[in-house]
Every structure is written in structure tokens, then in C-alpha cells.
Amino acid sequence: MSPITTHFAGLSITQLAEQFGTPVYVYDAAMIRQRVRDLAPFDVVRYAQKACSNLSILRLVREEGALVDAVSAGEIARALAAGYAPSPQDHDDDAIRAGHHPAIVYTADVFDRASLDAVLEHDLPVNCGSPDMIDQYGERCHALGRRRGVTLRINPGFGHGHSQKVNTGGEGSKHGVWHTDVADCVRRAERWGLRVTGIHMHIGSGTDMTHLGKVGAALEQVAQQVGTSVLTISAGGGLSTPYRGDEPSVDVAAYYETWNAVREQLAASLGHAVNLEIEPGRYLAAESGALLTEVRAVKRQGSVEYVLVDAGFNNLVRPAMYGAYHPIGLAPANADSSGDAIKTPAINPEASRERVIPQSAIRNPQSFVVAGPLCESGDVFTQKDGGFVEARPLPRPAVGDLLVIGAAGAYGYTMASNYNSKPLSAEVLVENGEPRLIRRAQTVEDLLQHEI
Ligand SMILES: *Cc1c(COP(=O)(O)O)cnc(C)c1O
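Residues numbered from 1 in each chain as written. Predicted model: local features only at pLDDT ≥ 70, side-chain atom pairs only at ≥ 80, totals over all residues.

K.L.:
With reference to specific residues and values, describe the packing of helix α9 (residues 209-226) against helix α10 (residues 252-270).
P.N.:
Axis separation between α9 and α10 bottoms out at 10 Å; the angle between their running directions is 20°. Classified by the angle their axes make, α9 and α10 are roughly parallel. Like other packed secondary-structure pairs, α9 and α10 cross with a definite hand, here right-handed. Within the contact between the two elements, α9 uses M209, L212, G213, G216, L219, E220, A223 and Q224 and α10 uses A254, Y255, T258, W259, V262, Q265, L266 and S269. (Axes fitted to C-alpha atoms, helices over the stretch in contact; angles between N-to-C directions. Helix = DSSP H or I, 4+ residues; strand = E, 2+ residues; numbered from the N terminus. Parallel < 35°, antiparallel > 145°, perpendicular 65-115°, else oblique. Left-handed = near helix turned anticlockwise from the far one by under 90°. Contact = placed C-beta atoms within 7 Å.)

Shown next, in the form of C-alpha cells:
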């Protein structure tokens, strides 16, 4: 993102902010569509909707041919509302061998009671991350006279991830069936008349192809152990997003080659075709989204200059939770639409309040800590893991300017909260140059309505 960012998906940022208010999440539909298309070599792109689950976004990825994951009764309801439909074929091995793929898969490490009820009501396939899930699902299926397939999410005993909080393998991770418990899970499944039809591993490997190879080999070994009932393997999610401009993009072709080799070896040894799924969340949504926020105060605390904006970790928690880096650009309130000369408030208050300075002068930025309005010192968008604040080079902002916090489409809105009784923001989808409100902002009345 360039230091001065006046447009998003072809639209003026100041006009978007004027029309929809701030803070506001904006998404670029074309970017999401492109990211789904990038993954076309895989048999199935199964969107991990927890990254960004607005119904309009779900409909968009469905139009692009992606299927969906659900991790809760709420996400099941969203998938259904977005038009994903379960089918009797979801449990028919012949149909799956012939290339049928279930639209919705429930994948988790536990069934809370509402989720188990919803899974049975809609007869959804499940991906089990703990032996107890097999027994709980199996018991209910047995009582209903259903003989279903289940897939197993395996923890191979090692992990990877951009932060310890998102590491999804190894002893330090709660996720998945421990790799030495596979035989026990197969026995449990058989006891209830279930069969194990797929193996899944979600160990984010990002751009690390050596690590990915290890994950593939581990998955193959488990699938061999389970044997010919395996029809589907899933590479999970974890494809990385270049949050910083200088980070490499994930090599999708290499990713596919690694997994396709696993699939082909497995198909050869099992003697039948094996479906290959990928399950991205971040990869589809992150780059498409930005959080627009208005500068409300600029102040100096000793040697540090703070820019305080109207969005906080109630809107975007990744910096506070993981020390995650998001690119930040400035959209001056009075930006000249031509972009090569920009009116900015004077750096020196003695000088005129408004003057035109050339972009080249703005390229010599100062550093600012960008923080939100919450009553919590961790409410800082520019911080490293461990909570150390870090000033960011930016053109000097003034009250009324907008900041564009980029690469915020994944784990942005979906992790937002009502902390400090802040209403959730609006969401806007830009498609073909048209901005469309896809969720109205909460009101304070919305916040109070369920309280007694
Ligand atoms: C969160 C999750 C994903 C998506 O992860 P990303 O890193 O966003 O791609 C995929 N599969 C499962 C099981 C998950 O829990």
C-alpha cells in the first residue's frame, strides 16, 4: 500500500467514508473471485468461512464454485442461508468416487450440543478432530439408523504457523486427532457403523514447501494406514497472505504439485481415485478487505507521536492479539483526485492551514504509532508480538483524514467485538465499481436490546 492511498477498488476512499461512515470494512469482490480462481487446480476449494462470513461474501465464493466449511451451528446457518445445500449424495461413496463433493462440511475438534443437533438435522458430513466426536456422532447416527462416512482431522505431531496462537499441530496444539490414535478412531467409527472416508490435515505451511512436503508425507502415511475406505484428502488451509509488500506470495502451483503427488501415490496404492480438497480462509479473503477509519486526534507523548483513530481492536484484533502487521495508508480528507499534488494540512501550525505540497515531499514521512479509542493500552494497530508498540512511517495525518488499514479482509470483521460497548461496523462490498452495503452497522439500541 502506498503511503498516500486515495482509492479502494477504483472508488474514492473519502467518498466511501462519507457515504457509509467510519469505521467501515470494505471488500473488493474482484480480488476474492481472483483468489478462488487461483486455486482452480484443486478438485475442491472449500472456504473456511470463519475468515469472513458475511452472507454476500459467501454467495460470492459460491458463485465462483467454492464449497464451504462450517465450525458451528451459526456457520451452518450462514452456509444454508447463502444457498449451500446438503444432499443425500454427500454420504454416497459411489457418488463421491464419481466426483460428488459435499457442499457443507462441519469441521471442528468438538461438537457443542447445538452444533451436533444442526449437523444431524441437516445430515451434514463431519470432519472429526477428537475421538469423542466420533462417539457422539456415531451414537446419534446409530439411533437414527444412518450409516455415514466421517473424515478425520489429524494432528501429525508437528506444526507451523505465523504465531504460537495459530500453530495448528504438535503437542502445543489442541487441534486434531493425535497421529497415534488413528487406529483407535477407526475402531470407534466401526463400532457405530461409520466408515472413515477421508483424512484431513490443517497445518499452515505458508510458503515453506519443505515443510509442506513433510505434512503431505504424514497425511499419506495416515491415509495408507486407514486404507481403501479413504476417498478424499484435504490439505487444510494455511496458505499465507503477503501482509508486507516485500513478503513472497504463496506459490500455488508448487502447493498443488506437492499435494497432487500425495493424491496420486495414494490413488495408485488404494486402487481408486482420491479427491483432493484445499480449505483456505485467509488466502481468499485477506487481501480483498480494508478497514477505513477516521483520524480523530494526533498527539505527542514525549518522543512518540500518536495518531488516534475511530477504529480499535473491537474492529480489528489481529495486531493486539498476534502482533500482526497490517499495511496502513493515508487518505487525506482533502485529497486532490489527480493524486500528484495533494493538499494536506500544514506540518507547521504557524503556516497556512492548507497548502498544496508535492507528493515527493510527502515521501519523506515521519513515524507514528496508530492507535484506537478503547480504554486499553493494547489498542494499537502498529505493534509487534509481545505488545511492543512500533512507530510506522506515514505522511503526517491530521484530524479528519482517513487511514486505510489494508489486508484486513480475513479474521477482521469475524473477530470483531462489542468491547467498550462499541457497535459493530458496517460492511461494504465493491463490485464493478459499485459499493453495496452488505451489513448495516449495529446501533447502540442493538447492543442493549437483549439485556434485562
Ligand atoms: C481456520 C481453518 C482453516 C483456514 O485457515 P487459513 O489459515 O485462514 O487458511 C482451514 N481449515 C480449518 C480446519 C481451519 O480451522
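K.L.:
Could you give an account of the UniProt feature "binding site: pyridoxal 5'-phosphate" (unreviewed entry) in the protein, naming the residues involved and the relevant values?
P.N.:
The positions that UniProt labels "binding site: pyridoxal 5'-phosphate" (unreviewed entry) are, in the present scheme, G238, E279, P280, G281, R282 and Y411. Here G238 is to be found in the loop between β11 (232-234) and α10. When residues no more than four places from it in sequence are discounted, the contact partners of G238 are H202, I203, G204, S205 and G206. Along the chain, Y411 falls in the loop between β22 (402-405) and β23 (426-431). Take Y411: there are 23 C-beta atoms within 10 Å of it, and that puts it in the buried class. (UniProt positions renumbered as here; feature names shortened; annotations may be inferred. Buried ≥ 20, exposed ≤ 12 C-beta atoms within 10 Å, placed from the backbone.)

K.L.:
So, the environment of A441: which residues are in play, and what are the values?
P.N.:
Within the secondary structure, A441 is located in the loop between β24 (434-439) and α14 (444-448). Here A441 falls in the partly exposed class, since 16 other C-beta atoms lie within 10 Å of it. Taking C-alpha positions, A441 is 4.5 Å from S425, a pair spaced 16 residues apart along the chain. Excluding residues that lie within four positions of it along the chain, A441 makes contacts with G21, P423, L424, S425 and A426.

K.L.:
How would you explain helix α6 (residues 113-122) if you had to name every residue and give the values?
P.N.:
Given 3.6 residues per helical turn, the α-helix brings residues three or four places apart onto the same face. Taken together, the buried positions of α6 are occupied by S115, A118 and V119. Across the axial projection of α6, the buried residues extend over an arc of 100°, all falling on one side. Residues of α6 that are exposed and angled more than 90 degrees away from the buried face: R113 and E121. In the core, the buried residues of α6 are packed alongside α4 (73-81), β6 (104-108) and β7 (126-128). D123 sits one or two positions beyond α6 and adopts a positive phi of about 55°. (Arc of directions from axis to C-beta.)

K.L.:
An account of the domain arrangement of the protein is requested, with residue identities and associated values reported.
P.N.:
What the domain assignment reports for the protein is domain 1 (7-24 + 286-448) and domain 2 (40-279). A C-alpha centroid distance of 36 Å is found between domain 1 and domain 2. Residue-level contacts link 19 residues of domain 1 with 12 residues of domain 2. Counting residues per element, the ones that place at least two in the side of domain 1 that touches domain 2 are α12 (318-322), β23 and β24. In terms of residue class, the side of domain 1 that touches domain 2 is built from 11 nonpolar, 4 polar and 4 charged. (Domains from an automatic or database assignment. Nonpolar A, V, L, I, M, F, W, Y, C, P; charged D, E, K, R; others polar.)

K.L.:
Which residues make up the site of the ligand, and what values do they have?
P.N.:
A48, G237, E279, G281 and R282 are the nearest of the 16 residues found near the ligand. For the shell around the ligand, the residue count by class is 6 nonpolar, 7 polar and 3 charged. (Near = placed C-beta within 6 Å.)

K.L.:
Summarise the pairing of strand β8 (residues 149-155); cite the residues concerned and give the values.
P.N.:
In terms of residue burial, β8 counts as a mostly covered element, since 7 of its 7 residues are buried. With burial as the criterion, each face of β8 is covered, one bearing G149, T151, R153 and N155 and the other bearing V150, L152 and I154. Following the backbone out of β7, through helix α7 (residues 131-144) and into the adjacent parallel β8, one traces a crossover that is right-handed. As paired strands, β8 and strand β10 (residues 195-200) are joined by 5 bridges and run parallel to one another. By the bridge assignment, R153 is partnered in β10 with H200. Note: β8 against strand β9 (residues 177-178), 2 bridges, orientation parallel. Bridge assignment links I154 to a residue of β9, and that residue is V177. (Right-handed = clockwise from strand over helix to strand, strands pointing away. Pairing = 2+ DSSP bridges.)

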